[in-house]
Amino acid sequence: TTKEWFHLVTFGVLCQSRQHDFANSAHLQYHVSFHKASSGHSLSLIDRGANGGVAGDDVRILFRTNRTVDIKGIDNHHVNNIGIGTVGGVVTTQHGPVIAIMHQYALLGKGASIHSPCQLEWYKNDVNDKSIHVPGGKQQIKTLDGYTIPLIVKDGLTRLDIRPHTDREFDTLPHVFLTSELDWDPTVLDHAFDNEAEWIEPDGHTDLHPNNLFDEF
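The shown structure was predicted, so the numbers you read here are calculated from the model rather than taken from an experiment.

**A word on the pattern of salt bridges**
Applying the stated criterion to the full structure yields five salt bridges. A salt bridge links R67 to D183; its shortest N-O distance comes to 4.0 Å. Residue R67 is found in strand β6 (residues 60-74), and its partner D183 is found in the loop between β15 (175-177) and α3 (210-215); the two are separated by 116 residues along the sequence. For R67, a relative accessible area of 6% puts it in the buried group. Residue E169 pairs with R163 through a salt bridge whose shortest N-O separation is 2.6 Å. Look at R163 and you get partly exposed, because its relative accessible area is 36%. The network of salt bridges with common partners includes R48, E121 and D129.

Rendered as structure tokens:
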């Protein structure tokens, strides 16, 4: 039997997740943004640079798996043997507050949570984390079951306002699942174009209008 090491890397931040598995298994890498723990309330981060979620103190732990994760880069320190599991928190939707349920998150337990758009999108949620001030921007998550969760853009970063739920809220509010309970493997999204025909417009070129860009300013 061998051990598989999961690496979470971004901007010099390295995290390693361990689990027992079978021989000859492939290496899996997670990428998360630099995470600074803080004592005050801050909005959780929707991070396109992350391919795995990290739970802070703005959510409640619902379930722990037997897997652990070693995180390097939290406040410039190493944090070892952090569990992986399921967390929940209250978010706003067009139908009122709901309990957002996130599986397969690293259970850091302090600071603001980090949410991986690709992990949410693999579960068929539509994550539009672009500001409404740019083309196509909606600042929202549309869930698989029809809920719309508004996002906040602050200082160029997209945030989700989430807070820990109470026991009563957990029993009475709807539960909305944002990620799969199956072991998350970000390599399921991997793809590279083999030739130009896969990404060039059907007529062989894209229409360029460089002068129009200057007209906007």
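**Some thoughts on the environment of L120**
Inspection of the secondary structure assignment puts L120 in helix α1 (residues 117-122). A relative accessible area of 2% places L120 in the buried class. The sequence separation of L120 and L144 amounts to 24 residues, and the corresponding C-alpha distance is 9.9 Å. Dropping the residues within four chain positions of it, L120 is found in contact with Y105, N125, V127, I141, L178 and T179.

**Concerning the sheet that holds strand β12 (residues 148-150)**
A sheet is described by the order of its strands in space; here three strands give the open sequence β10-β11-β12, paired in antiparallel fashion. The open sheet has two edge strands, β10 (126-128) and β12, and neither has a second partner. Looking at each pair of strands side by side, their axes are set apart by 10 degrees on average, direction ignored. The sheet contact formed by strand β11 (residues 140-142) and β12 spans three bridges and is antiparallel. In the sheet register, Q140 faces β12, and the bridge partner there is P150.

**A closer look at the environment of D183**
Look at D183 and you get exposed, because its relative accessible area is 52%. Sequence spacing of D183 and I84 is 99 residues, and the spatial spacing of their C-alpha atoms is 9.9 Å.

**Structural notes on the nonpolar core**
Of all hydrophobic cores here, the largest spans 29 residues; its most connected members are V87, V91, M102, I141, L160, I162 and L178. Taken together, the elements giving at least two residues each to this core come down to β5 (54-55), β7 (77-91) and β8 (98-107). Per element, the largest residue contribution to this core is six residues, and it comes from β8. Every residue in contact with L160, bar those within four places of it in the chain, is listed here: L43, S44, I46, V91, H115, I149, P150 and L151.

**Thoughts on the pairing of strand β14 (residues 157-160)**
Of the two faces of β14, the one holding T158 and L160 is buried and the one holding L157 and R159 is not buried anywhere. In this structure, strand β13 (residues 152-154) lies alongside β14, joined through three bridges in antiparallel fashion. Paired with I152 across the two strands is R159, which belongs to β14. Linking two consecutive strands that pair antiparallel, namely β13 and β14, is a turn of two residues; a positive phi of about 55 degrees is found at D155 within it.

About the cut-offs
Residues numbered from 1 in each chain as written. Predicted model: local features only at pLDDT ≥ 70, side-chain atom pairs only at ≥ 80, totals over all residues. Heavy atoms only, no water. Salt bridge = Lys/Arg side-chain N within 4 Å of Asp/Glu carboxyl O. Helix = DSSP H or I, 4+ residues; strand = E, 2+ residues; numbered from the N terminus. Buried < 20%, exposed > 50% of the residue type's maximum accessible area, 1.4 Å probe, protein only. Contact = heavy atoms within 4.5 Å. Pairing = 2+ DSSP bridges. Axes fitted to C-alpha atoms, helices over the stretch in contact; angles between N-to-C directions. Core = buried A, V, L, I, M, F, W, Y, C linked by side-chain atoms within 4.5 Å.

Honestly, it's all geometry; don't read function into it.
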